[in-house]
Structure formats: structure tokens, C-alpha cells
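Architecture at a glance
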Amino acid sequence: MTLYNINLGIGWASSGVEYAQAYRASVLRELGVESKFIFTDMIVTENIEHLTANLGFRDDEIIWLYSFFTDVKIAKNSFTLADLEKTIDMPLSRVERTGKAVRYFYDDDDMFITAYANDETSDIIQRVEYVSKGVLVRKDYFTYTRLFSEYYAPKNKRAEVYQRTFFNEDGTVAYTENRDGDNSVFIFKDRILYSKDELVTYMLECLELTENDIVILDRATGIGQSVFQHHGKARLAVVIHAEHFSENSTT
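Figured I'd write up the structure that's included with this text. (Residues numbered from 1 in each chain as written. Predicted model: local features only at pLDDT ≥ 70, side-chain atom pairs only at ≥ 80, totals over all residues. Heavy atoms only, no water.)

**Notes on the pattern of salt bridges**
Rules: Think of a salt bridge as a Lys or Arg side-chain nitrogen and an Asp or Glu carboxyl oxygen that are within 4 Å of each other. Starting at the N terminus, helices and strands are each numbered in turn, a helix being any DSSP run of H or I of at least four residues and a strand any DSSP run of E of at least two. For the exposure calls, accessible area comes from a 1.4 Å probe over protein chains only, and a residue counts as buried if that area is under 20% of its type's maximum, exposed if over 50%, partly exposed in between.
Applying the stated criterion to the full structure yields 18 salt bridges. Between Arg 94 and Asp 107 there is a salt bridge, and its shortest N-O distance comes to 3.3 Å. On the criterion of sequence distance, the pair formed by Arg 94 in strand β4 (residues 94–98) and Asp 107 in the loop between β5 (101–106) and β6 (111–117) is long-range, its members being 13 residues apart. Arg 94 gets classed as partly exposed once you look at its relative accessible area, which sits at 36%.

In C-alpha cells:
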């Protein structure tokens, strides 16, 4: 039996829902019940492992929707500046560092690359931004390897992401996400999914839930219908975490 707990996002300043999940995880460990905590929000500001570990989750308990379809494991950042430098084949002009940001200038190509480290003294990086001729064209996101890349184009005088590519450990493409505003199409080798709702459905199908499994839905916004329709034979529970009292709105 596996108990799957489904949520949206998580942050450094998490809400009571995430703390409730963390407490539930500790209880389930004591009981010897296998559990997984699924997060479905796109998280780009931080490696999700740093956020989940901060609340006491184990790496092997976490499923992130967007890395689920790759073979990249949930893990701390370990990709270094030296690892990055090996991937760049251009004549380097100079390097400047300001706090977490390490900027490489390639004047012959009218390009600079900015790597963002874990902290002001670390050489372990989390993301890299590529600016060509003054225009942001790409961002790479790393854990122990490159997890995914975002590709940008100018729109209304600002850079807008039009595609994300998600990678396996060996650098091969697992799948891509083509974006048009808030609309996404996910392209796999054997299928095309026309919304995030379909991506969540595909993940649930891949889990191959049985009558011995339990699904707990902690947050339902935007994903509730998929979970209700595609939890298979697993038992489904929905948690109401809080009823908020406000005297001003009470008669």
C-alpha cells in the first residue's frame, strides 16, 4: 500500500497545509506506511528539494509533477560553476561576481551568461541565464544535472517564455512544454497533451493506483477534477484543513 498526498506548491514560508503534510509524513514513517507527497505547481525560483527538505520531508517521499516524467531524482543542488564552464565553447572575456550572481562575458559573441549560486560564497549553482545582444534567450535550471531549460522571445518589450524542455540524467529530452501565454501543450515521444490538466491525468495513470492505495487531496484548485476522475481503484480522501473565523463577516 502507498499513500499519495497531493498538493499544489511549497515555499520557504509555507502554510499550515504543508506543515500538516510534514507532520503526517512523520506519523506515516513511524507506522511504516509508504507515502509520497506530490506537488503540481511549476517551481522555478528554487530547487523543490530545498523547500521540502526544509520541512523535514525525505527526498524519496517527494514527487514533482514536472520531473516525474524524467529519470532525474529529487536531490540537493551539486552542479558547480566548473561543471558549467565545461559546457561553454566560446572565448571568455572576463568574469565578475556580485553576491550570488557570477557573470561570464563573451564580448566576441555579444553575449553574457549569469549563473546564480546557492549563496554568496558557494560555487554550486541553481540556474543560469543566457543574454544575447541584450535579449534574454534561455534559462537553465540545475540540481545535480540540468533538469530543464526555458526558452524566451521578446513580446511587448519583455522576455516571455515560449518553451520548456525537460531532460533525463544523460541529457536526452524527456518531453517539451510549448507555451502560449497561460496555455501549454506537452509533447512526449508517444503522445501530445493539450493542458496541464491532461498532464496531471497522465501522471495519475502512470502511478497505476490499485485498491490497496490511498490518495489524499490536500489542495484541489485546478487539479481536483483530474484527481476525482482518475484516481482509479484507490480510495480518495479530501482534507479541509481550516475553517477561518472572521468576526466582521459573521452575523
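**Overview of a nonpolar patch on the surface**
In plain terms, the rule: Only residues above 30% relative accessible area that lack a salt bridge enter a patch, with like-charged residues linked at up to 9 Å and the nonpolar side chains Val, Leu, Ile, Met, Phe, Trp and Tyr linked at up to 5 Å. To be clear on the numbers: accessible area is Shrake-Rupley with a 1.4 Å probe, and residue cover counts the displayed protein chains and nothing else.
Side chains of Ile 187, Ile 192 and Tyr 194 sit close together on the surface and give an oily, nonpolar patch of about 290 Å² of accessible area. With respect to the helices and strands, Ile 192 occurs in strand β13 (residues 192–193). With a relative accessible area of 41%, Ile 192 lands in the partly exposed category.

**Some words on the pairing of strand β1 (residues 2–7)**
Note the cut-off: Strand pairing is assigned whenever DSSP detects at least two bridges linking the two strands. The handedness rule is simple: strands pointing away from the viewer, and a clockwise path from the first strand over the helix to the second, make the crossover right-handed.
Counting buried residues in β1 gives 6 out of 6 residues, a clear majority hidden from the surface. Across the two faces of β1 the burial is the same, with Thr 2, Tyr 4 and Ile 6 and Leu 3, Asn 5 and Asn 7 all buried. The sheet contact formed by β1 and strand β2 (residues 34–39) spans 6 bridges and is parallel. Within β2, the position partnered with Thr 2 by the bridge is Glu 34. A crossover links β1 with its parallel partner β2, the connecting element being helix α1 (residues 16–31), and its sense is right-handed. Pairing geometry for β1 and strand β14 (residues 214–217), over 4 bridges, is parallel. When the sheet's bridge partners are listed, Tyr 4 is paired in β14 with Val 215.

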